[in-house]
Amino acid sequence: MASVVAEMAEHYLFAAIVASILAFLLLARIRGRKAARGRKRTDDGAPFAVGKEQCDSDADGCGVPDVIVVGAGVAGSALAYTLGKDGRRVHVIERDLTEPDRIVGELLLPGGYVKLVELGLQDCVEGIDAQRVLGYAFFKDGRSTKLAYPLEKFHSDVAGRSFRHGRFVQSMRQKAATLPNVRLEQGTATSLIEENGTIKGVLYKNKAGEELKAFAPLTIVCDGCFSNLRKSLCSPKVDVPSSCVGFVLENCELPFPNHGHVVLADPSPILFFPISSNEVRCLVDVPGRKVPSIANGEMASYLKTAVAPQIPARLRDPFVSAIDKGNLRTAANRSMPAAPHPTPGALLMGDAFNMRHSLTGGGMTVALSDVALLQNLLKPLRDLRDASSLCDYLESFYTLRKPLASTINTLADALYKVFSASPDPAMNEISQACFDYLSLGGVFSDGPVSLLSGLNPRPLTLVAHLFAMAIYGVGRLLLPFPSPKRMWIGARFISGASGIVLPLIKAEGVRQMFFPATVPAYYRTPPAN
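One structure accompanies this document, and this report is about it. Owing to the predicted nature of the structure, the values given are computational and were not obtained by experimental measurement. (Residues numbered from 1 in each chain as written. Predicted model: local features only at pLDDT ≥ 70, side-chain atom pairs only at ≥ 80, totals over all residues. Heavy atoms only, no water.)

1. Comments concerning the overall build of the chain
Helix and strand content of the chain: 14 helices and 17 strands. Counting all 529 residues of the chain, 51% fall into the buried class. Restricting to contacts in the chain with at least 6 residues of sequence separation, those with at least 24 account for 73%. On the chain, roughly 24200 Å² of surface is accessible, and the fraction owed to carbon and sulfur atoms is 57%. (Helix = DSSP H or I, 4+ residues; strand = E, 2+ residues; numbered from the N terminus. Buried < 20%, exposed > 50% of the residue type's maximum accessible area, 1.4 Å probe, protein only. Contact = heavy atoms within 4.5 Å. Areas by Shrake-Rupley, 256 points an atom, 1.4 Å probe, with all protein chains shown as cover.)

2. Points about the sheet that holds strand S8 (residues 182–195)
Taken together, 7 strands build an open sheet; the order of strands is S10-S9-S8-S2-S1-S11-S17 and the sheet is mixed. Of all the strands in the sheet, just strand S10 (211–215) and strand S17 (346–348) have a single pairing partner and so form its edges. Neighbour-to-neighbour, the strand axes of this sheet turn through a mean angle of 35°, independent of strand direction. Across 5 bridges, strand S9 (residues 198–206) lies against S10 in antiparallel orientation. Bridge assignment links tyrosine 204 to a residue of S10, and that residue is leucine 212. (Pairing = 2+ DSSP bridges. Axes fitted to C-alpha atoms, helices over the stretch in contact; angles between N-to-C directions.)

3. A closer look at helix H4 (residues 165–177)
An α-helical turn contains 3.6 residues, so a residue and the one three or four places further along point in the same direction. An ideal rise of 1.5 Å per residue puts 18 Å on 13 residues; H4 measures up with 19 Å between its terminal C-alpha atoms. Taken across its 13 residues, H4 has 10 buried, putting it largely inside the fold. On the buried face of H4, the contacting elements are helix H2 (74–85), strand S2 (90–94), helix H3 (110–118), S8 and helix H7 (363–378). (Expected span 1.5 Å × (residues − 1).)

4. Some details on unusual backbone geometry
Residue proline 267 is reached from aspartate 266 by a cis peptide bond, and omega for that bond is 15°. Here proline 267 shows up in the loop between strand S13 (260–263) and strand S14 (270–276). That bond from leucine 479 to proline 480 is cis: its omega, 0°, falls within 30 degrees of zero. Counting through the fold element by element, proline 480 comes out in the loop between helix H12 (459–478) and helix H13 (484–508). A positive phi angle, close to 60°, is found at aspartate 129, a residue other than glycine. Judged by its relative accessible area of 31%, aspartate 129 is partly exposed. Located in the positive-phi region is asparagine 251, a residue other than glycine, with phi close to 50°. Note on asparagine 251: relative accessible area 65%, which makes it exposed.

Keep in mind these numbers describe shape, not what the thing actually does.
Here it is in structure tokens:
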């Protein structure tokens, strides 16, 4: 009997121990759920630290994000999604999260679309009525030539895309916000937080006007052309060669469907390209910083009297009709070579870092290429907290980006100067020679267009075509008989072309542009974590 009682006691004791363990686990689970519900969550549901400051420092275990991105335009939104997809915690601070309304940033080159696919963002051009763009059509003095993008070696879906800028940006923001480790917050970054030469984060004001601090091992500034944070991160030399006035032509059929149209007018080019199934964007370039007033009607009068007569006949009536409807807007065309100051804890990207004339629409392509490059550089790193080593490693970014960025930058700024009217006969010869060279077709057009489209980022190919165009232009002047006047214009031709191209190449950096493998930073390897 005693043995039976002892056996029953053992069973009861075992059952009591199991029940206690189960009860403890259940209680811990319930308390964990309550704690999770009580924890402060971000705008899109990703948890970060509670309080007016994320943390007193960037110490381990503090709950700070891995990366702060200032600005949620094309570059910032693409960065947020890309880095978030790689598992990093990203805090995006954007001044205005409503849909942007801009007249620029509406053409994505084929090279940019390739990068969009590489980043996994190609669906962001779906559902926004984006239009396929297959090349350019140039118009000059009653003549026209159509130049197709060389897409034969690419997937059938690869082409340029044109769209309403705001729709594209909102689509990327929404995709970034689907990631649980990406937080989008509306706020205005006012300054960088620096300690002993290292950027620790940003000081910003949130939507409610509260002044907050955000900390992260890496802060990426891509707050656009008006950036107020770039001064300590680069040497900004912003040039404003012109402005553009933009408006929309509705239900207008372009002479060459699915092509961007460039009218080489006096005093400067005019652009037409589709931005939806029933809208065509028109951008009229106005040289200089000062433009005719829209408010008092000077701009409308200028467009009708000075510009409209130079528009192809098929577009002239829709052009004038759009002017009569009003809604004219202007934007400055800016150019700024990349001149970074490598700074531990921070990096510049997008228009805050590098700009070129908007004639060729290369800005978004350069930005997306930079994002793809940075993603590849950061992918091997698990920990970003060694700011000094990370800064040394990321100096390679500035060299590796050069082939594509310098090619698109140089072409954009050079073509604007070449295709702008001038009283100098030599400059007019350069413009005509460039138009005729492209009109030759074959390798003479495929090469330059592959460079323009971002599909062939080779600066040496650029130089080869510039050299060939110069020989073609001067040769036309000297044949069949070189008169003294023609020889003088030929010499001015070479001088003028050199005066356009060489300063642009110098600004990009001859060594980085043509011989990047000779730059020590080219070989930087990821720091050991």
